[in-house]
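What follows is each chain in one-letter form.
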Amino acid sequence: MEFYQKDPVSTLLPPLSEISADDSVARARLIPAIEVLMKLQKDLDARPNALESDSVYSKISAIFLYSVMDYAPSREARDKAAQLIMDCIHPLDPLETNRSLVALATHICDAMIRPLRLRQPMAPAPSGLPSRISSSIQSRDDILKYFTPGTRSNVKAKALGRDNYRCLLTDLVDDESFVTGKTSSKPGEISEPTEAAHIIPFHLVNFKPNSPPAPEVDISASDLDQDPKPANAKLERAEAFWKIISWFGNIDRKGLDGQNINRLGNITTLSQMTRSFFDQLKLCFDEIPGFENCFKVQKYGPTLFDPSIKSEVEFTTPNAEIMPLPNPAYLRLHAACTKIAYMSGAGEIIHKLEREIEDMDVLASDGSSVNYLQYRLQGIV
């Protein structure tokens, strides 16, 4: 049985299937974990209901954990994932080992993939710029004169100025910037609305206008008014996300908490269509080794054959200090999660859950809505 799915796309680390036989150190760390997952997959194939698990991910747990290792953005993250897999072993109880592996896969998927993949309300629109300033902005150079890093009210304006008033993925000009004369278009070129899209989602931190960065995630009254989940469930979900990406993505929460979530390093200028694809983990930016700020655009599902989306992009900025480029660490995390979701099948399961939630007004009397109820009670959706 060939356990892994061969990934046709590039990755910064060699795929697990191509680890050199001479790399004894890597093999000593990773091969035992792979063997544990192969045993889990074999057991799932032979007795799919033996675990008696309520997890919607139970059938894909082995390939999911394998994908977490395979697409880890660093060797340290890959080693940590392998160690977590090995920590699930119960020497005298193979069934409990499998249950622990399913629980681990469920936790990582719900704590890291779902928050990135789950469709959330967009971040509140930036407040209007003072008329004195907005009327003076006619070019990227004007943006440099008026804006300083870290303020939220002008995040979209700064992102547009940095990205030359165009969607990074389609290269089409932002329609509002064209109409107001901040930029021009090529002959015959159409324009489109663009958005300031967060790489690390806005909903994972609390934001209070005109407040300093918060050291911890806070739950505001407005959050509770908009979301029926209890505050502690929202807090636990956010805490779980930050804890996992601290080791998987080597990302420091303090750099993104509170107002910092709107830093330009966490923002990309995308059209409404490509922003939707990006948020749903259907495309990602994959670094091209040896070429700074150059990325291959990896496309999955409906984006695969979209001719309007470029195959490669290069990020540029007129001033790296005032208008920093998207943070490579954030893009690596997003790319890794995109590949994991697609190659393991987790993205399809999450999409199905989303559709069930959207389509359901009442719980079915035959119990077919048990997964929906379970997730509601756990505060996950």
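Everything that follows concerns the structure shown earlier in this document.
Throughout what follows, the structure given in this document is the object of discussion.

What counts, and where the lines are drawn
Residues numbered from 1 in each chain as written. Predicted model: local features only at pLDDT ≥ 70, side-chain atom pairs only at ≥ 80, totals over all residues. Heavy atoms only, no water. Phe/Tyr/Trp six-rings, centres within 6.5 Å; stacked < 30°, edge-to-face > 60°. Helix = DSSP H or I, 4+ residues; strand = E, 2+ residues; numbered from the N terminus. Disulfide = S-S within 2.5 Å. Pairing = 2+ DSSP bridges. Axes fitted to C-alpha atoms, helices over the stretch in contact; angles between N-to-C directions. Contact = heavy atoms within 4.5 Å. Buried < 20%, exposed > 50% of the residue type's maximum accessible area, 1.4 Å probe, protein only.

Observations regarding the packing of aromatic side chains
- Enumeration according to the criterion identifies seven aromatic pairs in this entry.
- Summarising the aromatic geometry, the rings of Tyr300 and Tyr342 are spaced 4.6 Å apart at their centres and angled 40 degrees between planes, so their arrangement reads as tilted. Of the two residues, Tyr300 is situated in the loop between strand S6 (294-299) and strand S7 (312-314) and Tyr342 in helix H12 (residues 328-344); the sequence distance between them amounts to 42 residues.
- An aromatic cluster of three or more residues is present, and its members are Phe278, Phe285, Phe295 and Phe315.

Examining the state of the cysteines
- Considering all chains together, one arrives at zero disulfides under this definition.
- This cysteine, Cys109, is not joined by any disulfide, and Cys337 carries the nearest cysteine sulfur, 9.4 Å off.

Comments concerning the sheet that holds S6
- On the basis of which strands lie adjacent, the open sheet formed by three strands has the order S5-S6-S7 and antiparallel pairing. Each of the sheet's edge strands pairs with one partner strand only, and the pair in question is strand S5 (283-287) and S7. Neighbour to neighbour, the strand axes of the sheet diverge by 35 degrees on average, direction disregarded.
- Sheet analysis places S6 next to S7, joined by three bridges and oriented antiparallel. Looking across to S7, one finds that Cys294 is bridged to Glu314.
- The strands that H12 touches are S5 and S6; relative to S5, the one it contacts most, it runs at about 125 degrees.

Comments concerning the pairing of S6
- The element S6 is largely enclosed, with a buried count of five among its six residues.
- Relative to S6, S5 runs antiparallel, the two sharing five bridges. Paired with Leu283 across the two strands is Lys299, which belongs to S6.
- Connecting the antiparallel pair S5 and S6 is a turn made up of six residues, with Gly290 showing a positive phi of about 90 degrees.

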